[in-house]
Amino acid sequence: MANTIEWIEGTIPTVRLLDQTRLPHVVEYLNVTTVAELVDAIQRLAVRGAPALGAAGGYGVALAHREAAREHWSPAEFASAVESLRNARPTAVNLAWGVDRVMQASSNAEGALAEAIDIANEDKAGNLALSAHGAEWIMSHCARRPLRVLTHCNTGLLATTSWGTAYGMIKHLHQDGMVEMVYADETRPLLQGSRLTSWELTQDGIPHKVQVDAAAASTITRGLVDVAIIGADRIAMNGDTANKIGSLSVALACKFAGIPFVVAAPFSTVSLDTATGSEIEIEERDASEVLEVGGAKVALDGTQVFNPAFDVTPAELISAIATEHGVIEPVLATNSDIFASLVPLSSSH
Ligand code: MRU
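Cut-offs applied
- Residues numbered from 1 in each chain as written.
- Predicted model: local features only at pLDDT ≥ 70, side-chain atom pairs only at ≥ 80, totals over all residues.
- Heavy atoms only, no water.
- Domains from an automatic or database assignment.
- Contact = heavy atoms within 4.5 Å.
- Buried area = accessible area lost by both parts, 1.4 Å probe.
- Salt bridge = Lys/Arg side-chain N within 4 Å of Asp/Glu carboxyl O.
- Polar contact = N/O pair within 3.5 Å; in protein donor to acceptor, adjacent residues only side chain to side chain.
- Helix = DSSP H or I, 4+ residues; strand = E, 2+ residues; numbered from the N terminus.
- Buried < 20%, exposed > 50% of the residue type's maximum accessible area, 1.4 Å probe, protein only.
- Near = heavy atom within 4 Å.
- Areas by Shrake-Rupley, 256 points an atom, 1.4 Å probe, with all protein chains shown as cover.

With that settled, the discussion passes to the domain arrangement of the protein chain. Assigned domains of the protein chain: these are domain 1 (5-122) and domain 2 (133-347). Once you take the C-alpha centre of each, domain 1 and domain 2 turn out to be 25 Å apart. Each partner contributes to the interface: domain 1 provides 23 residues, whereas domain 2 provides 26 residues. Counting the surface lost from both domain 1 and domain 2, the interface buries some 2,100 Å², and carbon and sulfur atoms represent 55% of this. Summed over the shared surface of domain 1 and domain 2, the result is 1 salt bridge. The residue Glu 283 makes a salt bridge to Arg 89 at a minimum N-O spacing of 2.9 Å. For the interface between domain 1 and domain 2, the tally reads 15 residue pairs in polar contact (both at pLDDT 80 or more). Put simply, the parts of the chain that give the side of domain 1 that touches domain 2 at least two residues each are α2 (50-71) and α4 (93-105). By residue number, the principal contributor to the side of domain 1 that touches domain 2 is α2, which donates 4 residues.

Tracing the sequence through the fold places Gln 20 in the loop between β2 (14-18) and β3 (29-32). For Gln 20, a relative accessible area of 0% gives the class buried. In this structure the side chain of Gln 20 is engaged in a polar contact, spanning 2.9 Å, whose partner is the side chain of Arg 48. Among the polar contacts listed, one links the side chain of Gln 20 to the backbone oxygen of Leu 158, at a separation of 2.7 Å. Among residues more than four places away in sequence, those in contact with Gln 20 are Thr 4, Leu 45, Ala 46, Val 47, Arg 48, Leu 158, Arg 195 and Leu 196.

In the vicinity of the ligand there are 17 residues, among which Arg 48, Gln 192, Asp 233, Asn 243 and Lys 244 approach most closely. For the ligand, an oxygen atom lies 2.8 Å from a polar atom in the side chain of Gln 192. The separation between an oxygen atom of the ligand and a polar side-chain atom of Asn 243 is 2.6 Å. Burial of the ligand by the protein amounts to 99% of the accessible area it has alone, namely 410 Å².

Put into structure tokens, the structure is as follows:
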């Protein structure tokens, strides 16, 4: 299987990214040697998905140290490069979290790289743990066997450093023989579902159908789905969850149909500074993503576009949030700090 992101040591150290803009037809790696190139790769979604962005933030700080030494940057130039990385995309809190964690851990190149590698290794372990916790919760809340699962966007190995979050849970359930069918929403406009999730599902031999996003509510209310599992870009302290645009529609349909809507995320996606979902900045992306499909124009030139990349699902629509520390049930929560029962949170979580 491919590596989403890795550090390659050498005369010019490199962050090697699997270029997700080229998948599924071209498997090609990008060799990034400067912070500016990494920011560009993040903004073009060559690397994407909240946990992968956390790793990119960490490796990016290590890269900044090496570039600073090579190019004789002043401290102000170093600080400005790190800030541009931290702000490359606003919604997934993991990016800023990865940058801050490495900046706080060390002020030298070696220490920064060691911390960035720790982030990547912890992500893998965390994904395996949250997948097991979430799968156990699903098995005790869904009676039908094997399960029919709906998912949105891409949350697999490509969105993390390995294994995946919501996708990791699906893989865990599949390995236990518990998956009959996965409905993968295509995820307009950038098609993370049809290009990336379907690619991963094919490689893992998991039976699936890609459907247009607009089909999801109907698939759910027709009784064809037992559980919906999605990832997260930022989870507020009350459980409100930002994820790829279209996730809220899935949650509303699940509520109407009376089936569980499950969020899977590592704790690096929980934002201590965000009390509720209304405080989450929603990234708005370029009009061309909506006006063109595969380079072909699908609307008149000059058409105005609203292109929010994420939406926020209120906690009351979320049956469970599976993390590496266990599962909480926001829908049943009575206080505003719903994570307190799971783990004592500090700024260094
Ligand atoms: O714009 P993207 O592709 O970075 O959005 C990704 C998502 O919304 C994912 O569902 C989320 O980051 C979780 S990835 C494990």
